[in-house]
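Understanding the architecture of this molecule
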Amino acid sequence: MSEIYNGMWQRLGLNLEAHHELLKTLGVFYSDIYLSQKDRPKAMEYFDFVMSEVHGLRIQELQEAKANGRRVIGTFCVFVPEELILAVDGVCIGLCAGAEVGIYQAEQYLPRNTCSLIKSFFGFKLAGLCPFTNSCDLVIGETTCDGKKKAYEIFGGFQPVYVMEVPQTKSEAAHRLYESEVVRLKDHLEAVSGKKITVKALNQAIRLVNRRRRGLQRLNRLRFASPAPVSGLDALLVNQVAFYDDPVRVTEAIERLCDEIEDRIKANQGVKPVGAKRILVSGCPMAIPNWKIPMIVEQAGAVIVGEESCVGERHTKNTVKEDLTDLNDILHAIARRYMQIDCATFTPNEERMDHIIELVRKTEAQGVIHYAIQFCQPYTIEAKRVEERLRLEGIQYLRIETDYSLQDLEALKTRIEAFLETL
Ligand code: BJ8
């Protein structure tokens, strides 16, 4: 990435030397994994461009937004309603980090047996490597898993953090609690931005976020086709980029991609031959540049046809009711929509089991790879329930626990290739 951004990165407090190395490594990694794929849709060029400017142009846009009085708000979880941020004319950035960086610094604050995702967002911050985090006026955390919940207390020492309470059951009382948290967040965002949320602004934000969700839903539906018209790696990338790119622009790019994929389906054009093994990945979210598992699966000749994940279906499957006219009704509708998210931090979480089965049927996946980040208790423990349900339905299953390092690459390749052979 061009050194024309050095001044901006310096003002944001980045460690220029380490940051330069990170971008160099990321560039090579991206080119090896993504640009080496054959027969990609042409519309993926937009996403390649966004990735080539991930710490450049987009960060420059954030600085311009800030100069124009807009607030940049970072989030770590899909339980934080983006609609409220957009309704105060804020810019919402998904901050989850997917690379093993700054581990030494992160472990000065966090136990070694903390999941890679939490260590990574600490590591990026402490090693001076994340211009997104450093651009944020506010970071919104949430009480989902214990690791994140406690980590935010420490993270708050580095920059302003607001924590939203997310309940852990789906009882009526839990719904009421979450709805009250949506209202509390609305009040906080109004105070931070100095802007009152109006019915008009909130409806506009709901329509925009819904439109992006529908674009991603359409992309997911198109992946049901055989031969697979787009790779799992590319579909994952689109979902990842949607967390931090401008919502209008990325939605248009997703819609263009879907148009092209529809043409490919009509022309019976696939990224893999018809008989390629079809895999559903289920579990923890995969943030950029966490591409290890899809890379192994697809380089082994199979294709990922769906992600039951927060960087995937779990995040996009439900929309918020549009065009209500009363602010309280709208906030209620937002709360109801978000409480449908079937994260493993909930108990019980039968909806997730049902959703996995539904996805296997729709995508015609021949097997499920359950992916959990090492030391993530909610997903590693819930993996057993997933396994039992899949066994009951006669669906093949592979359970993987891994971190962000590449140390287990060869071992994972062996296990995944062996699994693919059994399908
Ligand atoms: S709604 S999945 S984005 S919490 S991997 S930090 S759970 S120990 S990411 Fe998530 Fe929201 Fe749920 Fe989705 Fe904790 Fe597990 Fe780490 Fe995790």
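Below you will find a few notes about this structure. This one's a predicted model, so the numbers in the text were calculated from it and none came from an experiment. (Residues numbered from 1 in each chain as written. Predicted model: local features only at pLDDT ≥ 70, side-chain atom pairs only at ≥ 80, totals over all residues. Heavy atoms only, no water.)

**Looking at the sheet that holds strand S3 (residues 138-142)**
A sheet is described by the order of its strands in space; here four strands give the open sequence S2-S1-S3-S4, paired in parallel fashion. The sheet is open, and its two borders are formed by strand S2 (91-94) and strand S4 (161-164), each paired with just one other strand. Looking at each pair of strands side by side, their axes are set apart by 25 degrees on average, direction ignored. By the bridge criterion, four bridges tie strand S1 (residues 72-75) to S2 in an arrangement that is parallel. Its bridge partner lying in S2, Val72 is registered against Val91. Contacting S1 and S2, helix H4 (residues 57-67) crosses the sheet at an angle of about 145 degrees to S2. Sheet contacts for helix H9 (residues 146-155): S3 and S4; angle to S3, the most-contacted strand, approximately 155 degrees. (Pairing = 2+ DSSP bridges. Helix = DSSP H or I, 4+ residues; strand = E, 2+ residues; numbered from the N terminus. Axes fitted to C-alpha atoms, helices over the stretch in contact; angles between N-to-C directions. Contact = heavy atoms within 4.5 Å.)

**Structural notes on the nonpolar core**
One recurring pattern in soluble globular proteins is that nonpolar side chains are buried together. If you look at the biggest cluster of nonpolar residues, it comprises 130 residues, and the most contacted ones within it are Phe47, Phe79, Phe121 and Trp291. Counting residues per element, this core draws most heavily on helix H11 (residues 199-222), at seven residues. When sequence neighbours within four positions are dropped, the list of residues in contact with Trp291 reads Leu26, Phe29, Tyr30, Ile33, Tyr34, Met51, Leu233, Leu236, Leu237 and Gln240. Grouped together as the second largest cluster of nonpolar side chains are 18 residues, Ala276, Val303, Leu359 and Tyr397 included. (Core = buried A, V, L, I, M, F, W, Y, C linked by side-chain atoms within 4.5 Å. Buried < 20%, exposed > 50% of the residue type's maximum accessible area, 1.4 Å probe, protein only.)

**Remarks on empty space enclosed by the protein**
With a probe scaled to a water molecule rolled over the atoms, the places where space remains empty come into view. Scanning the model with the defined rule gives two cavities of 30 Å³ or more in all. Size it by volume and the largest cavity reaches roughly 40 Å³. Every residue lining the largest cavity is listed: Leu236, Val281, Cys284, Met286, Glu307, Ser309 and Val311. A breakdown of the residues in the lining of the largest cavity according to their chemical character gives five nonpolar, one polar and one charged. Roughly 30 Å³ of volume is contained in the second largest cavity. Lining the second largest cavity are Leu236, Val281, Met286, Pro294, Ile304 and Glu307. Grouping the amino acids of the lining of the second largest cavity by side-chain chemistry returns five nonpolar, no polar and one charged. (1 Å grid on protein atoms, 1.4 Å probe; cavity = no way out; pocket = protein on both sides within 12 Å on 5 of 7 lines; lining within 4 Å. Points joined across faces, edges and corners; volume = space filled by probe spheres on them. Nonpolar A, V, L, I, M, F, W, Y, C, P; charged D, E, K, R; others polar.)

**Quick notes on the site of the ligand**
As a matter of local geometry, the ligand sits amid 16 residues, with Cys77, Cys145, Cys310, Cys343 and Cys376 nearest to it. For the shell around the ligand, the class distribution of residues is 13 nonpolar, one polar and two charged. (Near = heavy atom within 4 Å.)

**A look at the packing of aromatic side chains**
Across all of its chains, the model carries 20 aromatic pairs by this definition. Joined through ring pairs, the aromatic side chains of Phe76, Tyr109, Phe121, Phe122, Tyr152, Phe155 and Phe158 make up one cluster. The lysine or arginine in question, Lys170, covers the ring of Phe346, its NZ or CZ lying 4.5 Å from the ring centre. Its end group placed over the ring of Tyr338, Arg337 keeps NZ or CZ at 4.5 Å from the ring centre. (Phe/Tyr/Trp six-rings, centres within 6.5 Å; stacked < 30°, edge-to-face > 60°. Lys NZ or Arg CZ within 6 Å of the ring centre and 35° of its normal.)

**Section: unusual backbone geometry**
Omega for the bond connecting Ser226 with Pro227 falls within 30 degrees of zero, at 0 degrees, which places this linkage in the cis form. Of note, Pro227 is situated in the loop between H11 and helix H12 (232-241). Residue Ile288 is joined to Pro289 through a cis peptide bond whose omega torsion reads -5 degrees. With a phi close to 60 degrees, Asn268 is a non-glycine residue in the positive phi region. Relative to the helices and strands, Asn268 resides in the loop between helix H13 (247-266) and strand S5 (278-283). We note that Glu364 has phi near 55 degrees; this positive angle belongs to a residue other than glycine. Tracing the backbone through its elements, the reader meets Glu364 in the loop between helix H17 (350-363) and strand S7 (367-373).

**Structural notes on the environment of Ser116**
The residue Ser116 is located in helix H7 (residues 116-126) in this model. The buried category is assigned to Ser116, whose relative accessible area is 11%. Separated by 254 residues in sequence, Ser116 and His370 place their C-alpha atoms 17 Å apart. Once residues within four sequence positions are removed from consideration, Ser116 is found in contact with Ile373, Gln374, Asp403 and Tyr404.

**Quick notes on the pattern of salt bridges**
Across all of its chains, the model carries 45 salt bridges by this definition. With a closest N to O distance of 2.8 Å, Glu107 and Lys119 form a salt bridge. On the criterion of sequence distance, the pair formed by Glu107 in the loop between helix H6 (103-106) and H7 and Lys119 in helix H7 is long-range, its members being 12 residues apart. Looking at Glu107, the relative accessible area reads 26%, which means it is partly exposed. (Salt bridge = Lys/Arg side-chain N within 4 Å of Asp/Glu carboxyl O.)

**Here's the deal with the packing of helix H14 (residues 292-299) against helix H19 (residues 409-422)**
Interhelical geometry of H14 versus H19 gives an angle of 50 degrees and a closest axis separation of 10 Å. Viewed along their axes, H14 and H19 adopt a mutual orientation that is oblique. In this structure, H14 meets H19 at a crossing whose hand is right-handed. Along its contact with H14, which presents Lys292, Ile293, Met295, Ile296 and Val297, the element H19 presents Leu409, Leu412, Lys413, Ile416 and Leu420. Looking at the contact of H14 with H19 residue by residue, the class counts come to eight nonpolar, no polar and two charged. (Parallel < 35°, antiparallel > 145°, perpendicular 65-115°, else oblique. Left-handed = near helix turned anticlockwise from the far one by under 90°.)

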